[in-house]
Amino acid sequence: MSIKYKGKTITAKDIFITVGFFAFMGILTFVLFKAAFTPIPSITSEEFSKALEENGYTYYDSTSEWLEANPGWSFNKCTSYTDSTLRLNFLVFDDAKIAMGSFSAITSKLTSIYTSHRDNAVDCPYGSSRRANFIYRTLKADGTYYHLMRIDNTIFYATSTTERENEVLKIAKEIGYVG
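Presented here is a report on the structure given in the accompanying data block.

Conventions used here
- The residue numbering used here restarts from 1 in each chain and proceeds along that chain's sequence as written.
- Reporting of local features is limited, given that this is a predicted model, to residues whose pLDDT is at least 70; pairs of side-chain atoms are given and counted only at 80 or more, and all residues count toward the totals for whole chains, interfaces and linings.
- With hydrogens and water stripped out, all remaining heavy atoms of the structure feed into the side-chain values.
- For helices the rule is a DSSP run of H or I covering at least 4 residues; for strands it is a run of E covering at least 2, with both sets numbered from the N terminus onward.
- Partly exposed describes any residue whose relative accessible area lies between the buried limit of under 20% and the exposed limit of over 50%, with all areas from a 1.4 Å probe on protein chains only and scaled to the type maximum.
- When checking whether two residues touch, look at their non-hydrogen atoms; a contact exists if any pair is within 4.5 Å.
- Values of accessible area rely on a 1.4 Å probe in the Shrake-Rupley scheme; residue burial ignores everything except the protein chains shown.
- A patch is a set of surface residues, each over 30% in relative accessible area and not in a salt bridge, joined within 9 Å for like charges and within 5 Å for the nonpolar side chains Val, Leu, Ile, Met, Phe, Trp and Tyr.
- One side-chain nitrogen of Lys or Arg within 4 Å of one carboxyl oxygen of Asp or Glu is enough to make a salt bridge.
- Here the arc refers to the set of directions running from the helix axis out to each C-beta atom.

1. A look at the overall build of the protein
Along its length, the protein carries five helices and 10 strands. The proportion of buried residues among the 179 residues of the protein is 37%. Taking the intrachain contacts of the protein between residues at least 6 apart in sequence as the baseline, contacts between residues at least 24 apart amount to 49%. Counting only carbon and sulfur atoms, one obtains 58% of the accessible surface of the protein, whose full area is about 10500 Å².

2. Details of a nonpolar patch on the surface
A surface patch of nonpolar side chains, about 520 Å² in accessible area, is lined by Phe21, Phe22, Phe24, Met25 and Leu28. Residue position: Met25 is located in helix 1 (residues 12-36).

3. Thoughts on helix 5 (residues 165-175)
Those residues of helix 5 that fall on the buried side of the exposure criterion are Glu165, Val168, Ile171, Ala172 and Ile175. Within helix 5, the buried residues cover an arc of 130° as seen down the axis, which keeps them to one side. Turned more than 90 degrees away from the buried face of helix 5 sit Asn166 and Lys173, all of them exposed. Structurally, helix 5 contributes buried residues whose contacts are with helix 2 (45-54), strand 5 (86-93), strand 8 (134-141), strand 9 (144-151) and strand 10 (154-161). A positive backbone phi angle near 85° is found at Gly176, which sits one or two residues after helix 5.

4. Details of the side chain of Ser102
Looking at the secondary structure, you find Ser102 in helix 4 (residues 96-116). Classification of Ser102 by relative accessible area gives buried; the value is 1%. Dropping the residues within four chain positions of it, Ser102 is found in contact with Trp73, Phe93 and Ile155.

5. Some details on unusual backbone geometry
You will see that Asp142, though not glycine, has its phi angle at about 50°, which is positive. Mapped onto the elements, Asp142 comes out in the loop between strand 8 and strand 9. Even without being a glycine, Asp152 presents a positive backbone phi close to 50°. Within the secondary structure layout, Asp152 lies in the loop between strand 9 and strand 10.

6. Section: the environment of Ala141
Locating Ala141 in the fold gives a position in strand 8. Residue classification places Ala141 among the buried residues on the basis of a relative accessible area of 1%. For the pair Ala141 and Thr161, spaced 20 residues apart in sequence, the C-alpha separation works out to 9.6 Å.

Here's what the structure looks like:
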């Protein structure tokens, strides 16, 4: 079967290919939007503590430490692990808006680190991602790796030497805080 349209012959095969192409593009668009707007579940301090224990890290309640350093922030709980070359922090805020403001404050710190170490920086904090209910930033500068991610009212913030970056990424992956 064929149809003549403006001097061109259109076959059933041409129509099938065109309809198939648009159907494929529609499905692809749906999948991409679904992925972009699918929220990632946040975890609790207890789940973070358990992940640290399972990996041999001794955690502690760092709420007073974070409040002293950031008196305007409103926390429910902060849990951390620290040694000389690795720091893992999990912060739970009263709500997502407060977490967003705190995330922005830490991002500003990363931006100033990036700016002052531009020649030695591998990743810029702006080269990260935002989707649904989360946003993250990573930075490698002057031998230090920074990993920052917010999901809803929680923040996972880790710093380490670049040699220990894989440890940070392992914990981040286990708790679901990798972008």
